[in-house]
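One letter stands for each residue in the lines below.
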Amino acid sequence: MLMLTAVRVARGTVLGGALAVTLGTLAACDMDVSNPSVIDAESFDPTADASTLSLSAQSNLYRAVTGIIPFSAFLSQEAWVGVVRPETNDIGRRVLTTSTSDVNAVWSPLQLAIATNELAAQVLAANAGAQADINLARVYMNAGFALELMAEHFCQGAFLVGPALTPEQVSDTAIVRFSKALPVGAAAAAAGVVEGTKVV
């Protein structure tokens, strides 16, 4: 019993010490964030932060893909809808309406992936040395993949704030993005740049 009490006291001391260190670290940080969803325009450097920008836009594509996988499996009958609720019942009957929230859960992340990669491409294309920037190649490629996913899964697509496009038009837009990515990626590879780091 005495040994168990000693272990409890020692564990409490260690945990208390860890908590004190954590709180001390947090107290030293500036936790006052006025607008956490917006990058400070004055501190953002499109050249120095190019990798962060392209990878952030890429993460939106990854998020969209996680929603596309079950959605496309339901539509192709590779998976059956087993949840009994109006939204998934609509998908199971292939009745896709504006009220089907599961469709919007796929559409919105896909639109975000397209928009962020496109906007990142516009910023990065203006940088010096853009013609061999692996980050620019990445956002062009990811915009192309996001557009192609939209063309494959929806009867109409939209590109930023433009008009409704047919699947063929969306696929054509994706091809343009892939065509832009290829020479930039090849130039980056020829310069020995892989994932934003020059290989020596």
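Scroll up for the structure.
Engineer: I'm lost on the overall build of the chain in this one. Help?
Structural biologist: Broken down by element type, the chain carries six helices and four strands. A total of 200 residues make up the chain; the buried ones form 32% of that total. Excluding contacts between residues fewer than 6 apart, the proportion of contacts in the chain whose partners are at least 24 apart in sequence is 62%. Summed over all atoms, the accessible surface of the chain reaches about 12500 Å², with 65% contributed by carbon and sulfur.

Engineer: What should I look at first to understand a nonpolar patch on the surface in this one?
Structural biologist: The grouping of Leu119, Leu160 and Val161 at the surface amounts to a nonpolar patch, some 300 Å² of accessible area in total. Among the structural elements, Val161 can be located in the loop between strand 1 (157–158) and strand 2 (164–165).

Engineer: How should I be thinking about the packing of helix 5 (residues 134–153) against helix 6 (residues 167–190) in this particular structure?
Structural biologist: For any two helices packed against each other, the geometry comes down to the angle between their axes and how far apart the axes lie. One can describe the packing of helix 5 onto helix 6 by two numbers: an axis separation of 7 Å at closest approach and a directional angle of 160°. One finds that helix 5 runs roughly antiparallel with respect to helix 6. Between helix 5 and helix 6 lies a crossing whose hand is left-handed. Across the interface between the two elements, Ile134, Leu136, Ala137, Tyr140, Met141, Ala143, Gly144, Phe145, Leu147, Glu148, Met150 and Ala151 from helix 5 touch Pro167, Val170, Ser171, Thr173, Ala174, Arg177, Phe178, Lys180, Ala181, Val184, Gly185 and Ala188 from helix 6. Class assignment for the residues of the contact of helix 5 with helix 6 results in 17 nonpolar, four polar and three charged.

Engineer: Is there a simple way to think about helix 6 in this case?
Structural biologist: Note on helix geometry: an α-helix contains 3.6 residues per turn, so any two residues three or four positions apart are oriented the same way. Over its 24 residues, helix 6 runs 35 Å from end to end, which matches the ideal 34 Å to within 8%, given 1.5 Å per residue. Those residues of helix 6 that fall on the buried side of the exposure criterion are Val170, Ser171, Thr173, Ala174, Arg177, Ala181, Val184, Gly185 and Ala188. Immediately beyond the C-terminal end of helix 6, within one or two residues, lies Gly192, with a positive phi of roughly 80°.

Engineer: What should I look at first to understand the environment of Ala189 in this one?
Structural biologist: Within the secondary structure, Ala189 is located in helix 6. For Ala189, a relative accessible area of 54% gives the class exposed. C-alpha of Ala189 to C-alpha of Asp133: the two residues are 56 residues apart in sequence and 9.4 Å apart in space.

Engineer: Can you walk me through the packing of aromatic side chains in this structure?
Structural biologist: Given two aromatic rings, their pairing is described by the distance between the two centres and the angle made by the two planes. Summed over all chains, the structure comprises two aromatic pairs. With a centroid separation of 5.0 Å and 80° between ring planes, the pair formed by Trp107 and Phe154 is classed as edge-to-face. With Trp107 in helix 4 (residues 101–124) and Phe154 in the loop between helix 5 and strand 1, this residue pair connects regions lying 47 residues apart in the sequence. Given the relative accessible area of 24%, Trp107 is considered partly exposed. With a centroid separation of 5.1 Å and an interplanar angle of 70°, the aromatic rings of Phe145 and Phe178 are classed as edge-to-face. Separated by 33 residues along the polypeptide, Phe145 in helix 5 and Phe178 in helix 6 bring together distant segments of the chain. Accessibility expressed as a relative area gives 42% for Phe145, which makes it partly exposed. You can call Phe178 partly exposed: its relative accessible area is 25%.

Engineer: Before we go on, may I ask you to explain unusual backbone geometry in this structure?
Structural biologist: Trans is the common state for peptide bonds, and a negative phi is the common state for residues other than glycine. Backbone geometry at Leu160 places phi at a positive 55°, although glycine is not the residue there. By secondary structure assignment, the location of Leu160 is in the loop between strand 1 and strand 2. A residue is classified by how much of its surface remains accessible, and Leu160, at 32% relative accessible area, is partly exposed.

Conventions adopted
Residues numbered from 1 in each chain as written. Predicted model: local features only at pLDDT ≥ 70, side-chain atom pairs only at ≥ 80, totals over all residues. Heavy atoms only, no water. Helix = DSSP H or I, 4+ residues; strand = E, 2+ residues; numbered from the N terminus. Buried < 20%, exposed > 50% of the residue type's maximum accessible area, 1.4 Å probe, protein only. Contact = heavy atoms within 4.5 Å. Areas by Shrake-Rupley, 256 points an atom, 1.4 Å probe, with all protein chains shown as cover. Patch = residues over 30% accessible without salt bridge, like charges linked within 9 Å, V, L, I, M, F, W, Y side chains within 5 Å. Salt bridge = Lys/Arg side-chain N within 4 Å of Asp/Glu carboxyl O. Axes fitted to C-alpha atoms, helices over the stretch in contact; angles between N-to-C directions. Parallel < 35°, antiparallel > 145°, perpendicular 65-115°, else oblique. Left-handed = near helix turned anticlockwise from the far one by under 90°. Nonpolar A, V, L, I, M, F, W, Y, C, P; charged D, E, K, R; others polar. Expected span 1.5 Å × (residues − 1). Phe/Tyr/Trp six-rings, centres within 6.5 Å; stacked < 30°, edge-to-face > 60°.

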